[in-house]
Each structure stands twice: as structure tokens, then as C-alpha cells.
2 protein chains.
Amino acid sequence: MTGSPAPFTADDHATRMRRAAEAAADAGLDGLLIAPGPDLVWLTGYRPVPTERLTLLVLRAGEDPDPVLVVPALEAPDAAEAAAAPVLTLRDWSDGNDPYETAAPLLGAGGRYGISDNAWAMHLLGLTKRLPGIRYTSLTESLPMLRAVKDAAELERLAAAGAAADAAYEEIRKVPFAGRRETDIAADLAELLRHFGHSQVDFTVVGSGPNGANPHHEAGDRVIEQGDMVVLDFGGLKYGYGSDTSRTVHVGEPTAEEQRVHDVVRAAQQAACAAVRPGIACQDVDRVAREYITDAGYGEYFIHRTGHGIGVTTHEPPYMVDGEDRTLVPGMCFSVEPGIYLPGRFGVRIEDIVTVTEEGMRSLNDTPRELAIVH
Amino acid sequence: MTGSPAPFTADDHATRMRRAAEAAADAGLDGLLIAPGPDLVWLTGYRPVPTERLTLLVLRAGEDPDPVLVVPALEAPDAAEAAAAPVLTLRDWSDGNDPYETAAPLLGAGGRYGISDNAWAMHLLGLTKRLPGIRYTSLTESLPMLRAVKDAAELERLAAAGAAADAAYEEIRKVPFAGRRETDIAADLAELLRHFGHSQVDFTVVGSGPNGANPHHEAGDRVIEQGDMVVLDFGGLKYGYGSDTSRTVHVGEPTAEEQRVHDVVRAAQQAACAAVRPGIACQDVDRVAREYITDAGYGEYFIHRTGHGIGVTTHEPPYMVDGEDRTLVPGMCFSVEPGIYLPGRFGVRIEDIVTVTEEGMRSLNDTPRELAIVH
């Protein structure tokens, strides 16, 4: 076990802000408007809770982003402690004043700005009212790959998060399943993730029996029984970067059909991973998994996209989905997670986080993918 | 101790949706667009995680809201279990399709719609692109008091949350403070809130010594010392409704100045509470607290508004802030929380949740407000 990675410095953040501002210029934008959430964390290290009080990082497109962070006055002391604070100008506004008046002079009267996907509509509407001449586009639309290509320091963190998730999976197979509630296993998983260094647990899906057929089922009161398939899907943040892994286990010996469905998902997942390399379109990773499952007769039961990017948050571009024709670039990190969901019966999902390398891909998860028997 | 309140039924939610649709018509809106978050929880009981996948409740203004919930296909099984599901039409969309195409036919080609404050900008921009003729306003702007007036069932829950926070405060004064980190006290507070029935803890501020002078400081590694003032501000959800209480305690005997500052805040808080009654403007509650503190010579150190509404979330309209000239109505619930923050030295804040009654107000918190001595 190595120690924690060194924290990102103001210089690291300045580099990211410059990269973002240059990408904005290349995309024909005049600037970027960054809201609390993953974009702001990535650019500045600052993580305020998003609220009705406007916090907004304004970057000018081009070579000199001249970053200005608009913050509520009472949060200014927190903002001043952010990693990027030395390379930011803070501009605060006080309760009772109009924060959009504070932000407006930082933007031109016209032009086109990219805005964080998760910026609040009320803030976008507040800006629009004050500056009706500006056109806005979401970053997913105008600059989707802003955070998609990870550098070495980011890959180190994602690999550490993946290894911790793997360690949690190795341990969870040893706990008793039969006779316990899904929520009990979920609590065990959360504890294991924290034990292996996660600072935040975002989800611990335990979908047993028919609940496994709902891909977004979290964990409920259902008591797990002998003979259940159980989908496990868990992740969170370690060193500020995400983990997200799924494995499907079986309580006791599976039936031939259960084993067959699992084999199909496993082979589809393997095929999709094998397809990952620079230059291939995101949608082709999805297509490979989908065709395999369709050819095996289960196409209608694979009811979600094959994957999503991961970084300072667990869902971000690039998305491995039909219609996404952007191509993979070394350093991108995303999930490969096909599944089959048989309504009222059971589900199977297998998920790894992979990163694109010069030659192909490397998996950041490394635990066995065969159907594990638990007790 | 009485049992849990009965859960809200589909009928309860239908009533709320009707009330919202009628209020929308009165406000000159053609409909409401409700995003995951407190508005959606209040209207439907459904609490999905807000993501890049569009979930949107569309209500028609007027007497027949005809509610339709647009959901990602893979979340449809969860949506179908929401309390309001029996009175909703679900319309799902699958990964790879354009969710705004699914939503568009539910809206007219023109008109004016209110949209949840916290709807994601990417979704608002997606709708705008598909339906450029529609004008949007945030609910804070167009329908700020939608959830502000609580009914008896909501008041019962807010009172239960307040009583639980009070019980936590009674207990926390018994734990040792001196020599322990702020984060230790914060963990104690969180455990107490859960012990007294909170399902979710949203914040446990422990601002000791100079940290107390930053109103948004949460809790850090600082070791609390003999002679420290310590601001405690804690809350979360019980039965789905919020608590939010602040008290300031002192480790050992306070100095005369510390006692004086606390006395000023206490009297200001009392005066502001005494001003609460139907018909008074929100800003006047703020003005009463601010004038008292200003007259005592500390006006420049009271750096935030006096209060915020509370309900299914811990920050919502009405806001007790300069410029808010809307008037109080029986059933509104909000915080009254003046404070004084002396940079680099210490802070004091006292906060209760109050509800407006026909005659005046009733406090939902009832623990002593004098400066408590802890050890």
C-alpha cells in the first residue's frame, strides 16, 4: 500500500483552467460559467453545496482565462481556502443584493457561453434576464470532453479507487447472504468501501432475486434467499475520484438458465472491453455489447447504455451509448457494464472501469468476473 | 413518544398537484416543470437522484393538472412505486433517444412555464432548443410560496423534527468539548440526530473559537479549548421534513465581552421572533433583528439574512431578507437566526424554527437560548 497522492496544487488547477479556456475558444465559445459540482471541483478544488445562493466561476475563453469566482459573502472564507484560491479572483455578494448584477460585468453583453450541466435553472434564468443577448449551451453539448481525458495523477487516483472497490468485493463474498436483508449487505459494502479508503460512498446496490431485474433498484427490505441471483453495484470517491463496479453473485448453485444468462453478460462485457481502443466511436463499444446480447436472444432485456465516464464524479461523459459518435482517446476512463434484466425474475450485470491506452485498454478493476457462489 | 405519522397518500399528492396547478394559473403560467428535488418530493413523493438523464414532471396550469412524469426507462420501475404513481401518467424514454422529444408534446409551442429552481441547466437548455417559443421562469421568481404554507400533517412532521433536534441539543451539552476536535462533536451530533429519529443528517456545524466567526464553517480538525465559544448548527430530515437549530455554547466561563455579544444576539433573536405574525413583511423580520444588532454596535458583523423557509428541504422560501416584501401567512415555517461574527475571534448564532399562527408565532424549538456552559 502506497501513501495518499499529493493534493492538487493551485498550479495544477491553473493548468486545468487554461486547458478549459483554450478548449472553449476552440469550440467557438466566449467563456465558461462553472457551477458548484464536479466541474468546479475539477477546476478549482472548491466544493460548496449548490444552493439558491449563486456561486459561479467565470472563465474567459482563450489563452488568459482570468478566472473570477462569484461567491456569497458568507461563503467567501471557505472559497478563500480552495486549492485554486491563489490563482482566482474572488468577487463576493451579500444577502439582499442581486448576485446576477455582480456576475454580469464579468461577461460580455453578447456572445456564447458554455455553462455547467448541473447549474441551477434559476441561476441560468437570472443571468439570462440580466444579459438577454448571451446564448448559452450546456457543457455536455459544447465541451463534453472537457474532463474526459485523465492525466497521470488522475489515473493514479482512479486506479486506487478501483483497487479499493475490488478489495471490498473480495471481502463481501465472505459474508453470509441467505437470510439477511439487502440493506444489511449494502451496509456491509459501504463499511468495506470506507475501510478501504473511500471518503464517500455514493451507492451500494444490492438487487436480489426479482429486484435484480430493476437496474436502478438500490437495496430494500427483501430478505435474500437460497437460490437468489444478487446484483452488486457499488462505488464512491477515494482521493476525490470515483469507483463503480458491478458483479453478480449467486446464493448457492445456479440453475442452468441463470448460468447461461450470466455467461452471455460476461462474454458481452469481455467483447466490449476488447473493442476499446483509441479511435473507435463510443457508440461502437455499446454496439459490440448489444449485438452479442441480442444474438444470444436477450436484446430486449438489455435496457440501458453500456457505460459512462468517471472521474471526480461517477457519471460524466463519455457515454457509451447509441448515437455517440465521438471517438475514444487515450486517458479516457469509463464503465463497461452490460446487463440482462428478466422482469419479475432476476438480473445480471458485470461492470469494470477501464481506461483507454495507446494500444487498447487497461481495466482498473481486476476481480474475477465469473458467477461467484456465496452463502 | 407517539408513532410515525401516516405516510402521504396518492390523494394527498393529487391535492398538492391541483393546488400547484391552480397557483400556476393565478400566476399567469401555462404549466409547471418539476425537476428531481424538493418540489418533486413534495408533489409526488418520488425522490430520484438528479442526473444527466431527464426526469421531469409536467403539470398543466388550471383546474386539471393532468400530471405526466417523464422518466428514464430504467428508472420507471422506481417511479411506479412513488406515492403519487396512481394519479400520474408515466412516460418513459430509453438511453440513446432524445428525452426532450418525449417531453415536448406535453407542452404547448408557446406560453410561459415555471421550472424548479434546481432543474439542471442542461435540461432547461435541451427544452429551450426543442421549444424555442416558450418562456421560462424559476419557481422562486414566479411561484415562490408554492410550498411555503404548511398544512397540519406537515406541521406535525416539522414539530417532530424540531423536537428531535432539541433532544440532540440537550444531550450534546453533556459530552466533553475541551480537548476534542470539532469533527468529534459533529459526529456526536449526527449520531444524536439519528438516535432521535432523523433519517438524514444534512449538516452538523461546530465552529469553535475563530472558526465560529465563519458562519458557513462546518467542522474541522481544530481541537476545542477551554475558553472557546462554540457555534453549533445542526439539522436534517425526520419523517421527510427538516430540522435546523443553532445554539452557541461556551467551554467554561465566558468573558464579559463574550457574554455581552451573546446577550445581543439572544435579544435580537427574541425581538425578531416576537415580530412574527400574519401580514408582516418577511424583510421586516430581518429588519427587527438587524436594527437591534446595529443599535448595539455590531451591525457590520451580522453578515447574513435572518432566516429561510424549511419544509421537505432545509432552505426554501420564504426568506427573511432585505428586499423580500411578501408578507407572512399562517402555516409558513422558517428559521429566525441572527448572528454576530467577529473575524479571527468568535461567533454567536441562535436559531429556532418558527411557524406563523393566526395570532403570531409558535416556536418548533424549545431548548434554552442562554449561553450554555459546557466542559
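What counts and what doesn't
Residues numbered from 1 in each chain as written. Chains lettered and ligands numbered in written order. Predicted model: local features only at pLDDT ≥ 70, side-chain atom pairs only at ≥ 80, totals over all residues. Heavy atoms only, no water. Helix = DSSP H or I, 4+ residues; strand = E, 2+ residues; numbered from the N terminus. Contact = heavy atoms within 4.5 Å. Expected span 1.5 Å × (residues − 1). Buried < 20%, exposed > 50% of the residue type's maximum accessible area, 1.4 Å probe, protein only. Arc of directions from axis to C-beta. Pairing = 2+ DSSP bridges. Axes fitted to C-alpha atoms, helices over the stretch in contact; angles between N-to-C directions. Salt bridge = Lys/Arg side-chain N within 4 Å of Asp/Glu carboxyl O. Core = buried A, V, L, I, M, F, W, Y, C linked by side-chain atoms within 4.5 Å. Phe/Tyr/Trp six-rings, centres within 6.5 Å; stacked < 30°, edge-to-face > 60°. Lys NZ or Arg CZ within 6 Å of the ring centre and 35° of its normal. Parallel < 35°, antiparallel > 145°, perpendicular 65-115°, else oblique. Left-handed = near helix turned anticlockwise from the far one by under 90°. Nonpolar A, V, L, I, M, F, W, Y, C, P; charged D, E, K, R; others polar. Domains from an automatic or database assignment. Buried area = accessible area lost by both parts, 1.4 Å probe. Polar contact = N/O pair within 3.5 Å; in protein donor to acceptor, adjacent residues only side chain to side chain. Least-squares fit on C-alpha atoms with pLDDT ≥ 70 in both.

## Examining the environment of A:Val288
Along the chain, A:Val288 turns up in helix H10 (residues 282–295). Those residues in contact with A:Val288, other than ones at most four positions away along the chain, are A:Ala271, A:Ala272 and A:Ala275.

## Considerations on H10(A)
Since the α-helix advances by 3.6 residues per turn, residues separated by three or four positions end up pointing in the same direction. Residues and elements named next belong to chain A. Under the 1.5 Å per step criterion, the end-to-end length of H10 is 20 Å for 14 residues, consistent within 8% with the ideal 20 Å. Within H10, the full set of buried residues consists of Cys282, Val285, Asp286, Ala289 and Ile293. Mapping the buried residues of H10 onto a view down its axis gives an arc of 95°, with all of them on the same face. Contacts made by the buried residues of H10 are with helix H9 (256–275), strand E12 (316–320) and strand E14 (339–342).

## Examining the sheet that holds strand E3 (residues 68–72) of chain B
Residue and element names in this part refer to chain B. One open sheet holds the 6 strands; their spatial order is E4-E3-E2-E1-E5-E6, and the pairing between them is mixed. Of all the strands in the sheet, just strand E4 (89–93) and strand E6 (135–138) have a single pairing partner and so form its edges. The mean inter-strand angle of the sheet, taken between neighbouring strand axes irrespective of direction, is 25°. The sheet contact formed by E3 and E4 spans 5 bridges and is parallel.

## With respect to the pattern of salt bridges
All chains considered together, the criterion is met by 48 salt bridges over all chains. As a salt-bridge pair, A:Asp95 and A:Arg53 come within 2.9 Å of each other at their nearest N and O atoms. Of the two residues, A:Asp95 sits in the loop between strand E4 (89–93) and helix H4 (99–103) while A:Arg53 sits in the loop between helix H2 (38–44) and strand E2 (56–60), which places them 42 residues apart along the sequence. With relative accessibility at 7%, the residue A:Arg53 sits in the buried group. Between B:Arg266 and B:Glu370 there is a salt bridge, with its nearest N and O atoms 3.9 Å apart. A residue pair is termed long-range when its members are at least 10 positions apart, and B:Arg266 in helix H9 (residues 256–275) and B:Glu370 in the loop between strand E17 (361–363) and strand E18 (372–374) qualify at 104 residues. When its relative accessible area of 33% is taken as the criterion, B:Arg266 is described as partly exposed. Counted as one network, the salt bridges with shared partners bring together A:Asp39, A:Arg147, A:Lys150 and A:Glu316.

## As for the nonpolar core
Core analysis: the biggest nonpolar cluster contains 46 residues, and A:Leu33, A:Leu56, A:Ile115, A:Tyr136, B:Leu33, B:Ile115 and B:Tyr136 have the highest contact counts within it. Elements that contribute at least two residues to this core include exactly E2, H4, strand E5 (112–115) and helix H5 (121–130) of chain A together with strand E2 (56–60), helix H4 (99–103), strand E5 (112–115) and helix H5 (121–130) of chain B. Not counting residues up to four positions away in its chain, the partners in contact with B:Ile115 are A:Ala121, A:Leu125, B:Leu33, B:Leu124, B:Tyr136, B:Thr137, B:Ser138 and B:Leu139. With 33 residues, the next largest nonpolar core counts B:Met17, B:Ala20, B:Tyr46 and B:Ala79 among its residues.

## Section: the packing of aromatic side chains
Under the defined criterion, the tally for this structure stands at 2 aromatic pairs over all chains. A cation sits over an aromatic face here: A:Arg157 above A:Phe8, 3.9 Å from the ring centre. One residue, B:Arg16, lies across the ring of B:Phe8, its end atom 4.3 Å from the ring centre.

## Concerning the packing of helix H7 (residues 152–172) of chain A against helix H8 (residues 182–195) of chain A
All names here are of chain A. Their axes nearest at 9 Å, the elements H7 and H8 cross at an angle of 135°. Put simply, H7 runs oblique to H8. Where H7 crosses over H8, the two elements pack in a sense that is right-handed. Of H8, the residues touching H7 (which contributes Ala165, Ala168, Glu171 and Ile172) are Ile185, Asp188, Leu189, Leu192 and Leu193. Broken down by class, the residue content of the contact of H7 with H8 amounts to 7 nonpolar, no polar and 2 charged.

## Side note on the domain arrangement of chain A
All names here are of chain A. Per the domain assignment, the segments of chain A are domain 1 (10–142) and domain 2 (152–374). Spacing between the C-alpha centres of domain 1 and domain 2 amounts to 34 Å. Contacts between domain 1 and domain 2 engage 7 residues on the former and 7 residues on the latter. Between domain 1 and domain 2 lies a buried interface of about 470 Å² when both sides are counted; carbon and sulfur atoms form 53% of it. The interface formed by domain 1 and domain 2 holds 1 salt bridge in total. Among the ionic pairs, Arg16 bridges to Glu154, the shortest N-O distance being 3.7 Å. Linking domain 1 to domain 2 there are 2 residue pairs in polar contact (both at pLDDT 80 or more).

## Structural notes on the relation of the copies chain B and chain A
Screw-axis analysis of chain B against chain A gives a translation of 0.0 Å along the axis, an RMSD of 0.0 Å, and a rotation angle of 180°. Such values leave the two copies arranged in the relation of a two-fold axis. Take the interface residues of chain B: 100% of them recur as interface residues in chain A, which is what a same-surface contact looks like.

## Thoughts on the side chain of A:Thr306
Residue and element names in this part refer to chain A. The topology assignment puts Thr306 in the loop between H10 and strand E11 (307–309). A relative accessible area of 0% places Thr306 in the buried class. Side chain to side chain, Thr306 and Asp286 meet in a polar contact 2.8 Å long. When sequence neighbours within four positions are dropped, the list of residues in contact with Thr306 reads Val285, Asp286, Ala289, Arg290, Met320, Ser335, Val336, Glu337 and Pro338.

## Overview of the sheet that holds strand E6 (residues 135–138) of chain A
All names here are of chain A. Overall, mixed pairing links the 6 strands, which are arranged E4-E3-E2-E1-E5-E6 in an open sheet. Two strands close off the open sheet at either side, each with one partner strand: E4 and E6. Averaged over neighbouring strand pairs, the angle between their axes works out to 25° when direction is ignored. Packed on one face of the sheet, helix H1 (residues 10–26) meets strand E1 (31–34) and E2 and runs near 60° to E2. Sheet contacts for H5: E1, E2, E5 and E6; angle to E6, the most-contacted strand, approximately 160°.

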